[in-house]
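Given next are the chains, with one letter for each unit.
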Amino acid sequence: MVLEVQRRVAVVVLVRRIRGYAAMAKASSDCQVEKWRLSRRQARQALAISLEELGIGRRMLVNPLVVAISPRLQRLLDDSCALDPTKQAEALQ
């Protein structure tokens, strides 16, 4: 019984982290598009490929939580579209 609860908790934590990673990757990708570094098509393809290399399916990009969180995370990025070190704590929330 305890082992089953631990496994369920681990699955919930893993799914949460996967969604968080996908949301941050999408935010960075969208930032690249807004800064005219990539076309929307290039950004979508690169994002899907990078997620799939980690075993994360493209469906994660249309997950409602990923879609909702991504723009919030984008506001925490610096000019290079990376997470601003001074805003890491805010991103983890």
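Higher on the page you've got the structure.
Structure report, in brief.

Reading guide: rules and limits
Residues numbered from 1 in each chain as written. Predicted model: local features only at pLDDT ≥ 70, side-chain atom pairs only at ≥ 80, totals over all residues. Heavy atoms only, no water. Helix = DSSP H or I, 4+ residues; strand = E, 2+ residues; numbered from the N terminus. Buried < 20%, exposed > 50% of the residue type's maximum accessible area, 1.4 Å probe, protein only. Contact = heavy atoms within 4.5 Å. Areas by Shrake-Rupley, 256 points an atom, 1.4 Å probe, with all protein chains shown as cover. Axes fitted to C-alpha atoms, helices over the stretch in contact; angles between N-to-C directions. Parallel < 35°, antiparallel > 145°, perpendicular 65-115°, else oblique. Left-handed = near helix turned anticlockwise from the far one by under 90°. Nonpolar A, V, L, I, M, F, W, Y, C, P; charged D, E, K, R; others polar. Disulfide = S-S within 2.5 Å.

**Looking at the overall build of the protein chain**
Turning to step 1, where the next piece is worked out: Of regular secondary structure, the protein chain possesses four helices and zero strands.
Turning to step 2, where the next piece is worked out: The N-to-C order of helical and strand elements in the protein chain reads α-α-α-α.
Turning to step 3, where the next piece is worked out: Principal-axis analysis of the C-alpha atoms gives the protein chain an extent of 55 × 30 × 20 Å.
Turning to step 4, where the next piece is worked out: When each of the 93 residues of the protein chain is scored for burial, the buried share is 29%.
Turning to step 5, where the next piece is worked out: Of the contacts made within the protein chain by residues no fewer than 6 positions apart, 64% connect residues no fewer than 24 positions apart.
Turning to step 6, where the next piece is worked out: Within the structure as shown, the protein chain displays about 6900 Å² of accessible surface, and the carbon and sulfur contribution to it stands at 58%.

**What to know about the packing of helix α1 (residues 2-34) against helix α2 (residues 40-53)**
Turning to step 1, where the next piece is worked out: Here α1 crosses α2 at 155°, and the two axes come no closer than 9 Å. Viewed along their axes, α1 and α2 adopt a mutual orientation that is roughly antiparallel. Once α1 is placed against α2, the crossing between them reads as right-handed. The residues of α2 that touch α1, namely those facing Y21, A22, A25, K26, S29, D30 and V33, are R40, A43, L47 and L51.
Turning to step 2, where the next piece is worked out: Taken together, the residues of the contact of α1 with α2 sort by class into seven nonpolar, one polar and three charged.

**A short note on the state of the cysteines**
Turning to step 1, where the next piece is worked out: With the rule as written, the count across this model stands at one disulfide.
Turning to step 2, where the next piece is worked out: Here C31 is linked by a disulfide to C81, with a sulfur-sulfur distance of 2.1 Å. Negative torsions about the S-S bond denote left-handed disulfides, and the value of about -75° found for C31 with C81 makes this one left-handed. Residue C31 is found in helix α1, and its partner C81 is found in the loop between α3 (64-74) and α4 (88-92); the two are separated by 50 residues along the sequence.
Turning to step 3, where the next piece is worked out: A residue is classified by how much of its surface remains accessible, and C31, at 6% relative accessible area, is buried.

**Some remarks on unusual backbone geometry**
Peptide bonds are trans in most cases, and residues, glycine excluded, mostly fall at negative phi.
Turning to step 1, where the next piece is worked out: With phi around 65°, W36 is a residue other than glycine that occupies positive phi space.
Turning to step 2, where the next piece is worked out: One can find W36 in the loop between α1 and α2.
Turning to step 3, where the next piece is worked out: Taking the relative accessible area as the measure of exposure, W36 reaches 79% and is therefore exposed.
Turning to step 4, where the next piece is worked out: Backbone geometry places C81, a non-glycine residue, at a positive phi of 70°.

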